[in-house]
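The primary structure of each chain is shown beneath.
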Amino acid sequence: MRSFKLNQKSRQDLALWALVLVGGVALVLGTGALRGHGALQGLGQSPVTGLIVLLFLVALGLNLRNTVLLLREFKALPQDQGLFAEHCRYLRKAARGKGGVDQEFSLSLLENRLLRRESWVQLTANLLVTLGMVGTILGLTAAMQGLASALGSIESSLSLEATESASPIAGLTLALEGMSTAFLTTLAGAVLGGLLLKALSHFSANLIEALLDQIRLKASLEVVPQLERLIWKQEMADLAQAQHNVQAFMNSGRDIDQFLKSYTQGLVGASEQLTVLSQKLGDQVFTVKRDSPVEGQQRLEALLSRLEGAAVQQNQLLTRLFYAVCGLAGGGVGLMLLVQVWGG
């Protein structure tokens, strides 16, 4: 069985994904170690920045899990397992239902399932950028408050009535800390969410596309031809069955025709018998006129009995002829419907 491996483009995407992952983890760990020194001191003082880092680590874990599952699916392809086996089951069901062999619907379902897993990472990336903007607003607000405090201290120191005034240094320090927090939260949200997470999600999406392409290729080479031959055999069997049904209807039509001819002959014989009976009736009526009343009555009753029997026989023949004609018409209509369905 052919072994499916990562192509060059997929290997490049996986290498870049691993590089971004390692860089993101190193950045978070390095920033955590240095946040108490210098310009990074504001990272440890802002709860927004801490929330950004926490969400980044959660999204990083989700992306790592999704990518590991994708690599397992790549590994399961040569053994016809995983998503490929599920894709093949759908194709077989569609073939048994005579719905044709169309891979795109099944592949779209698999793609939607894989992309839904990765959508949480993309959502978190957008959320981190938004939190960075929120941190910027909070930091600028703190900076404005610090500047207002510093300006109040300077105004108090310039007042002639003031004997003691607060130093403006504290207000300026608060303003600078607010500015630092604003810029650092914006930077954290943009780098962690807008850069690292989006890059990781992009490389994972490329791996999803590569996996689906290999599933499509493997199914086209190994599964689709077998299913197309199966569908062709089913269609040939249905065609043979339809031909057999048409032949059976033709035979039934011939049988009905023979039946109709035999009853027509019987009807002709009955008509001849009625003609002979009519002639005898005339003779008997003439005889009755010559005979005595008792003998004439007996002859007349016998004649009427024979006449009733002939009429009953004729009615039976006509009823059978009617049913035969109805059966022939029904068989013809059924044959026409079958030919129309077969031709459609």
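Nothing here was measured: the structure is a model prediction, and the numbers come from that model.

A.B. asks: Is there a simple way to explain the overall build of the protein in this structure?
C.D. replies: Within the protein, the secondary structure is distributed over seven helices and zero strands. From first element to last, N terminus to C terminus, the protein shows the α and β order α-α-α-α-α-α-α. When the 344 residues of the protein are sorted by exposure, 29% land in the buried category. Contacts in the protein between residues far apart in sequence, at least 24 positions, make up 85% of those at least 6 positions apart.

A.B. asks: Looking at this structure, I do not really get a nonpolar patch on the surface. What am I missing?
C.D. replies: A cluster of nonpolar side chains, namely Leu 51, Leu 54, Val 58, Leu 62, Trp 120 and Leu 123, defines an oily patch on the protein surface of about 580 Å² accessible area. Looking at the nonpolar patch, the elements with two or more residues in it are helix H2 (47–76) and helix H4 (103–158). Take the nonpolar patch: its biggest share by element is four residues, from H2. Note on placement: Trp 120 falls in helix H4. For Trp 120, a relative accessible area of 53% puts it in the exposed group.

A.B. asks: I'm lost on the nonpolar core in this one. Help?
C.D. replies: Most often, soluble globular proteins keep nonpolar side chains buried together rather than apart. If you look at the biggest cluster of nonpolar residues, it comprises 22 residues, and the most contacted ones within it are Leu 70, Leu 83, Phe 84, Leu 114, Leu 211, Ile 215 and Val 223. Elements represented by at least two residues in this core include exactly H2, helix H3 (83–96), H4, helix H5 (169–222) and helix H6 (224–290). Leu 83 has contacts with Glu 73, Leu 110, Arg 113, Leu 114, Leu 211 and Ile 215, leaving out every residue within four places of it along the chain. Within the second largest apolar cluster, 19 residues are counted, among which are Val 28, Ile 52, Ala 125 and Leu 128.

A.B. asks: Would you explain the pattern of salt bridges in this entry?
C.D. replies: Side-chain pairs of opposite charge can arise where the charged atoms are in close proximity. Applying the stated rule across the entire model yields six salt bridges. Linking Glu 86 and Arg 113 is a salt bridge whose minimum nitrogen-to-oxygen distance equals 2.5 Å. Here Arg 113 lies in helix H4 and Glu 86 lies in helix H3, a separation of 27 residues in the sequence. Exposure remark for Glu 86: the relative accessible area of 26% places this residue in the partly exposed category. Put simply, Asp 80, Lys 218 and Glu 222 are held in one network by salt bridges that share partners.

A.B. asks: Is there a simple way to think about H3 in this case?
C.D. replies: With 14 residues, H3 should cover 20 Å at 1.5 Å per step; its first-to-last C-alpha distance of 20 Å lies within 8% of that length. Of the residues making up H3, those classed as buried are Leu 83, Phe 84, Ala 85, His 87, Cys 88, Leu 91, Ala 94 and Ala 95.

A.B. asks: Would you take a moment to explain unusual backbone geometry for this structure?
C.D. replies: Trans is the prevailing form of peptide bonds, just as negative phi is the prevailing case for residues other than glycine. A positive phi angle is found at Asp 80, which is not glycine, with a value near 55 degrees. As for its position among the elements, Asp 80 is in the loop between H2 and H3.

A.B. asks: Just to check I follow, could you spell out the packing of aromatic side chains for this structure?
C.D. replies: We describe a pair of aromatic rings using the distance from one ring centre to the other and the angle between the two ring planes. Under the criterion given, the structure shown has one aromatic pair. Between Tyr 90 and Phe 105, the ring centres sit 5.8 Å apart and the planes meet at 40 degrees, which makes this aromatic pair tilted. Linking Tyr 90 in helix H3 with Phe 105 in helix H4, this pair joins segments that are 15 residues apart in sequence. Under the relative-accessibility criterion, Tyr 90 is labelled partly exposed at 28%. Lying over the aromatic face of Phe 84, Lys 218 brings its terminal NZ or CZ to 5.2 Å of the ring centre.

A.B. asks: Please explain the environment of Val 68 as it appears in this structure.
C.D. replies: Checked against the element boundaries, Val 68 lands in helix H2. Placed 136 residues apart in sequence, Val 68 and Ser 204 show a C-alpha to C-alpha distance of 10.0 Å.

A.B. asks: Sorry, what's going on with the confidence of the model for the protein here?
C.D. replies: Regions with low pLDDT should not have their predicted coordinates read in detail. Here the protein shows a mean pLDDT of 76. Residues at 70 or above account for 62%. Element-level mean pLDDT values for the protein span from 61 in helix H7 (residues 293–343) up to 91 in H2.

A.B. asks: Please clarify how the side chain of Asn 63 should be interpreted in this entry.
C.D. replies: Following the sequence through the fold, Asn 63 ends up in helix H2. Non-local contacts of Asn 63, meaning those with residues more than four positions away in its chain, are made with Trp 17, Glu 118, Val 121, Leu 200, Ser 201 and Ser 204.

A.B. asks: Would you explain the environment of Ala 85 in this entry?
C.D. replies: Relative to the elements of secondary structure, Ala 85 occurs in helix H3. Taking relative accessible area as the criterion, Ala 85 reaches 18% and is therefore assigned buried. Ala 85 sits 134 residues away from Ala 219 along the chain, and the two C-alpha atoms are 9.7 Å apart.

A.B. asks: How should I be thinking about a positive patch on the surface in this particular structure?
C.D. replies: A surface patch of like charges, here positive, comprises Arg 89, Arg 92, Lys 93 and Arg 96. Position of Arg 89 relative to the elements: it lies in helix H3. According to the relative accessible area criterion, Arg 89 is partly exposed, its value standing at 48%.

Reading guide: rules and limits
- Residues numbered from 1 in each chain as written.
- Predicted model: local features only at pLDDT ≥ 70, side-chain atom pairs only at ≥ 80, totals over all residues.
- Heavy atoms only, no water.
- Helix = DSSP H or I, 4+ residues; strand = E, 2+ residues; numbered from the N terminus.
- Buried < 20%, exposed > 50% of the residue type's maximum accessible area, 1.4 Å probe, protein only.
- Contact = heavy atoms within 4.5 Å.
- Patch = residues over 30% accessible without salt bridge, like charges linked within 9 Å, V, L, I, M, F, W, Y side chains within 5 Å.
- Areas by Shrake-Rupley, 256 points an atom, 1.4 Å probe, with all protein chains shown as cover.
- Salt bridge = Lys/Arg side-chain N within 4 Å of Asp/Glu carboxyl O.
- Core = buried A, V, L, I, M, F, W, Y, C linked by side-chain atoms within 4.5 Å.
- Expected span 1.5 Å × (residues − 1).
- Phe/Tyr/Trp six-rings, centres within 6.5 Å; stacked < 30°, edge-to-face > 60°.
- Lys NZ or Arg CZ within 6 Å of the ring centre and 35° of its normal.
- pLDDT = per-residue confidence, 0-100.
- Lys, Arg positive; Asp, Glu negative; His and termini not counted.
- Charge placed at Lys NZ, Arg CZ, Asp CG, Glu CD.

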